[in-house]
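A structural walkthrough
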Amino acid sequence: MMRVLLVEDDPLLGDGLAVGLRQAEFAVDWLKDGHSAELALKSETFDVVVLDLGLPRLSGMELLHRLRARGTAVPVLILTARDAVADKIAGLDAGADDYLVKPVDLDELAARLRALTRRASGRAAPQLVHGSLVVDPAGHRVTLDGRAVELATREFAVLQALLENAGRVMTRSQLEATIYGWKDEPDSNAVEVHIHHLRRKLGSDLIKTLRGVGYLIEKPS
């Protein structure tokens, strides 16, 4: 599950986008002004930002300039009603990774967000492959040795996060930040429960535990 920061001041559009993206298995945090978004991006980690340009307190373009000026590399998709070619060029040249004009099809938006995060992680293929384990984020499907494996939403999100960071240890707090939004209140042992279920369904050797540190899926040899 990817964590999305949605920055949109229109309450109806923002609510519709947040609901739609959550239904598409994204963890969405929604803010309504550029200043609050800047503070959030300084203190928390997001996989991608969906950014309106006409924001109160701090415009989307100014927020984008500030992010790139301080070296923040989070992928940014501009979602705006401004459809002039000059506006698109300005947004992309300011550091946006993609540009969509409202109104937007939610399926297209979700696909573009998946593509942005895939490129940001250096992965070209749409699927995550680890030996005989194949994970399809777009279709929310998992197969092991060619056999379909049913995973709950959070289990899928933990597995995807670990596979996308294969070879790197992820702490419990990092996993929680990846799969839970601000409105979610995970139980204190939620990550451990998800890991337990994944091991039961996919094999006990896939996910390694580093005591006092976190969890790891090793890179395939």
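Placed above this text is the structure.
Structure report, in brief. Counting restarts for each chain: residues are numbered from 1 in the order of the written sequence. Totals for whole chains, interfaces and linings use all residues, but because this is a predicted model, local features are given only for residues with pLDDT of at least 70 and pairs of side-chain atoms are given and counted only at 80 or more. To get the side-chain values, take all heavy atoms of the structure and skip hydrogens and water.

Glancing now at the sheet that holds strand β9 (residues 147-148). Pairing between strands requires that DSSP locate at least two bridges from one strand to the other. In DSSP terms, a helix is any run of H or I states spanning at least four residues, a strand is any run of E spanning at least two, and both are numbered starting from the N terminus. The strand order across the open sheet formed by 4 strands is β6-β7-β8-β9, and the pairing between neighbours is antiparallel. With partners counted over all chains shown, the strands left at the sheet margins are β6 (128-130) and β9, one partner each. As defined by bridge partners, strand β7 (residues 133-136) adjoins strand β8 (residues 141-144) across 4 bridges and the pair is classed as antiparallel. Within β8, the position partnered with Val 135 by the bridge is Val 142. Each of β6, β7 and β8 is contacted by helix α6 (residues 153-164), which is oriented at about 110 degrees to β7, the strand it contacts most. Contacts are assigned to residue pairs that have any heavy atoms within 4.5 Å of one another. Angles shown run from 0 to 180 degrees and are taken between the N-to-C directions of axes, each axis being a line fitted to C-alpha atoms and, for helices, limited to the stretch in contact.

Moving on: the packing of aromatic side chains. Classification of ring pairs rests on two measures: the distance between centres of Phe, Tyr or Trp rings, Trp counted by its six-membered ring, which must be within 6.5 Å, and the angle between planes, read as stacked under 30 degrees, edge-to-face over 60 and tilted in between. In total, this model carries 0 aromatic pairs according to the counting rule given. If you follow Lys 32 out to its NZ or CZ, it ends over the ring of Trp 30, 4.0 Å from the centre. A positively charged side chain is recorded as over a ring if its NZ (Lys) or CZ (Arg) lies within 6 Å of the ring centre. The angle to the ring normal must also be within 35 degrees.

Looking now at the pattern of salt bridges. Close approach of charged atoms lets side chains of opposite charge pair. Salt bridges are defined by distance alone: a side-chain nitrogen of Lys or Arg within 4 Å of a carboxyl oxygen of Asp or Glu. Applying the stated rule across the entire model yields 14 salt bridges. Lys 102 is paired through a salt bridge with Glu 8; the nearest N and O atoms lie 2.8 Å apart. Separated by 94 residues along the polypeptide, Lys 102 in the loop between β5 (98-101) and α5 (106-120) and Glu 8 in the loop between β1 (3-7) and α1 (11-23) bring together distant segments of the chain. Arg 70 serves as the salt-bridge partner of Glu 38, at 3.5 Å between the closest nitrogen and oxygen.

What follows is about the packing of helix α7 (residues 172-179) against helix α8 (residues 190-202). Packed helices, taken two at a time, are described by the angle between their axes plus the distance between the axes. One way to put it is that α7 packs onto α8 with a least axis distance of 10 Å and a crossing angle of 85 degrees. Judged by the inter-axis angle, α7 sits roughly perpendicular to α8. Residues Arg 172, Leu 175, Glu 176 and Ile 179 of α7 pack against Val 191, Glu 192 and His 194 of α8. Relative orientations are named as follows: roughly parallel for angles under 35 degrees, roughly antiparallel for angles over 145 degrees, roughly perpendicular for angles from 65 to 115 degrees, and oblique for any other angle.

Accessibility here uses a 1.4 Å probe with only protein chains present; expressed as a share of the type maximum, an area under 20% marks a residue as buried, one over 50% as exposed, and anything in between as partly exposed. The element strand β4 (residues 76-80) is extensively covered by neighbouring structure, given that 5 of its 5 residues are classed as buried. Residues Val 76, Ile 78 and Thr 80 of β4 are buried on one face, and the alternating residues Leu 77 and Leu 79, pointing to the opposite face, are buried as well. We call a crossover right-handed when, viewed with both strands directed away from the observer, the connection leading from the first strand over the helix to the second proceeds clockwise. Assessed by its sense of winding, the connection that carries the chain from β4 through helix α4 (residues 85-93) to β5 is right-handed.

The next thing to look at is a nonpolar patch on the surface. A grouping of Val 169, Leu 210 and Val 213 is seen on the molecular surface, where their side chains present a nonpolar patch of about 190 Å² in accessible area. Looking at where Val 213 falls in the secondary structure, it is placed in the loop between β10 (208-210) and β11 (214-216). Given the relative accessible area of 45%, Val 213 is considered partly exposed. In this analysis, a patch consists of residues with relative accessible area above 30% that form no salt bridge, clustered at 9 Å for like charges and at 5 Å for the nonpolar side chains Val, Leu, Ile, Met, Phe, Trp and Tyr. All accessible areas in this document rest on Shrake-Rupley with a 1.4 Å probe, and a residue is counted as covered only by the protein chains that are shown.

Function-wise, these values are silent; they only describe arrangement.
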